[in-house]
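Notes for the structure review
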Amino acid sequence: MKGGEGAILVVFGGTGDLTHRKLIPAVAQLRRAGLLKGALRIVGYARQDLDDESFRALLRNTVEGEGTDEVIADTCYVQGDFRQEAGYARLAKRLTELEEGNSYAGRLYYLAAPPSFYTDIFRGIGGAGLSGEENGSFRRIVVEKPFGRDLSTAEELNTVLHQVFDEKQVFRIDHYLGKETVQNILVLRFANGIFEPLWNRRYIDHVQITVAESLGVEHRAKYYEEAGALRDMLQNHLLQLMTLIAMEPPVAFEADAVRNEKVKVLRAIHIPSPQDVQHLTVRGQYGAGEIGQEKVPGYRHEPDVAPASTRETFVALKLKVENWRWADVPFYLRTGKRLQQRASEISVQFQRAPQRLFPREARLKPNVLRLRIQPDEGMTLSVGAKVPGLRIELRDVDMAFNYDSFGKRGTDAYERLLHDALSGDNTLFTRKDEVEAAWRIVDAIGRGWQQEESGPEIYPAGSWGPESADELLHHDGRRWHLR
Ligand code: BG6
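Residues numbered from 1 in each chain as written. Predicted model: local features only at pLDDT ≥ 70, side-chain atom pairs only at ≥ 80, totals over all residues. Heavy atoms only, no water.

1. Topic: the sheet that holds strand β6 (residues 170-172)
- One open sheet holds the six strands; their spatial order is β3-β2-β1-β4-β5-β6, and the pairing between them is parallel. The sheet is open, and its two edges are formed by β3 (76-79) and β6, each paired on a single side. Taking each pair of neighbouring strands and ignoring which way they run, the sheet shows an average axis angle of 20 degrees.
- Direction of pairing for strand β1 (residues 7-12) relative to strand β2 (residues 40-46): parallel, over a ladder of six bridges. By the bridge assignment, I8 is partnered in β2 with R41. (Pairing = 2+ DSSP bridges. Helix = DSSP H or I, 4+ residues; strand = E, 2+ residues; numbered from the N terminus. Axes fitted to C-alpha atoms, helices over the stretch in contact; angles between N-to-C directions.)

Structure below.
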């Protein structure tokens, strides 16, 4: 951090659950690990009528985790409406007071408020003159997802945001990018010489990306009824994973070099026509079922869900990347709630050997590199091997690596991302053009669905989603690896 040491973290929506669930524990961990230079002063900004003491008391009641008490003791609070200037003026005054006699390196504004207030907050910050960098002291803003609900709302958000902040001051969160296993995709691909020559249409048959959750919609139906799996997960997390798998090697491991390559992938993805949407996408909604031994209700019976809701809780689709590396290599993506287990995995299936030399070789599975994002983080490469003995008998075996073998705890995504935002490193954050390119794809799918007469297919909770998702692959002579 340049200038002084430490920083001020202003959390808009400071009384919301992101603060106590993620931010305070992440700050506490960074502090314990000695990764924060100087003090990090947290200022909560929200509508509730609280003062510093009652804000701290509220946090103490909700935050759990080692070292969080010290972090909470150092927080303060500014009461303010997101839509009224007076609150921002109070915030400006409070920030100036806090900075008097302290040489903080800068301020990080964090949007943990409902997305409908984002533009008001951008304008409020701008109006109170809080965004300009002064004397080398940084001003940065972290924006939580969802970033817009379609391309046009995302563009509007970006326009207002850019009236107040430059793109390099902006940190759009996709917490999947902060996961260790996701960061490892680039290391695996570009720090090892053996993969790159094979990483293309000559050797790769297809790619699968699954992000499966066993949880249901929980208490978030008000948001989820608007979003659904397409906007909640696919637009961001799954497409981001896909860019990391499909991108070209960047010229440097630097924010813009990496993001330039990612955005090229998004732009190369074929935008599906309504007919493509009909054939190449599947949407589902969970019905009642069992997860483990527990009976769980269907989506339409969850609190705050409309009894005839047609919101999708599952989506599977096949995407094409139209460039030299990937032409004709399908990418199958799937995500859903209330699936059989929580498991996120990317698998890269290689083509078979061109000639069959051994008896019953056809029974071997093709080579598959499986990257387990979570849980049980690790990777395996399946290969055919000879079973010991006189006969030539072949079997599939796994070469396996598990993250546990490092013998140390990985950094939580929020710790990583907060650390990077404080250090001014945007590599693991999504850029304006990336977000917009992702919406272009998702909007086309949404439009296609709107033209369909039928709604989502109901799948039993605890299954792997609608049967049509299996058929999507069977049709191409393939099957999901994770099932
Ligand atoms: C969030 C979605 O972005 O990611 C949630 O809004 C989802 O619906 C969550 O449950 C999954 O994150 P993770 O880290 O648990 O895989």
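Now, onward.
2. Observations concerning the pattern of salt bridges
- Applying the stated criterion to the full structure yields 36 salt bridges.
- Between D17 and R21 there is a salt bridge, and its shortest N-O distance comes to 3.6 Å. You can see D17 and its partner R21 sitting in helix α1 (residues 17-32), four residues apart, about one turn around the helix.
- Put simply, K432 and E436 hold a salt bridge, and the shortest N to O gap is 3.6 Å. Placement of the pair is K432 and E436 together in helix α12 (residues 432-450), with a separation of four residues, close to one helical turn. (Salt bridge = Lys/Arg side-chain N within 4 Å of Asp/Glu carboxyl O.)

3. Let's talk about the pairing of strand β7 (residues 204-212)
- Taken across its nine residues, β7 has eight buried, putting it largely inside the fold.
- With eight bridges joining them, β7 and strand β13 (residues 343-350) adopt antiparallel strand pairing. In the sheet register, I204 faces β13, and the bridge partner there is F350. (Buried < 20%, exposed > 50% of the residue type's maximum accessible area, 1.4 Å probe, protein only.)

4. Re the packing of aromatic side chains
- Under the defined criterion, the tally for this structure stands at 19 aromatic pairs.
- Relative to F429, the ring of F171 has its centre 5.0 Å away and its plane inclined at 85 degrees; by these criteria the two rings are edge-to-face. Of the two residues, F171 sits in strand β6 while F429 sits in the loop between α11 (413-423) and α12, which places them 258 residues apart along the sequence. We note that F171, like F429, is buried.
- Through a chain of ring-to-ring contacts, the aromatic side chains of F12, Y45, F82, Y88, Y109, F117 and F165 assemble into a single cluster.
- One Lys or Arg, R172, reaches over the ring of F147 and ends 5.0 Å from the middle of that ring. (Phe/Tyr/Trp six-rings, centres within 6.5 Å; stacked < 30°, edge-to-face > 60°. Lys NZ or Arg CZ within 6 Å of the ring centre and 35° of its normal.)

5. Quick word on the sheet that holds strand β14 (residues 368-374)
- Taken in spatial order, the nine strands of this open sheet run β16-β15-β14-β13-β7-β12-β11-β8-β17, and their pairing is mixed. The open sheet is flanked by β16 (394-402) and β17 (457-460), the only strands paired with a single partner. Across the sheet, the axes of successive neighbouring strands diverge by a mean angle of 20 degrees, strand direction being ignored.
- Across six bridges, the pairing between β13 and β14 is antiparallel. Across the sheet, S347 pairs through a bridge with R370, a residue of β14.
- Sitting on the sheet, helix α13 (residues 467-474) touches β7, β8 (281-287), β11 (314-319), β12 (331-336) and β17, and the angle it makes with β11 is about 10 degrees. (Contact = heavy atoms within 4.5 Å.)

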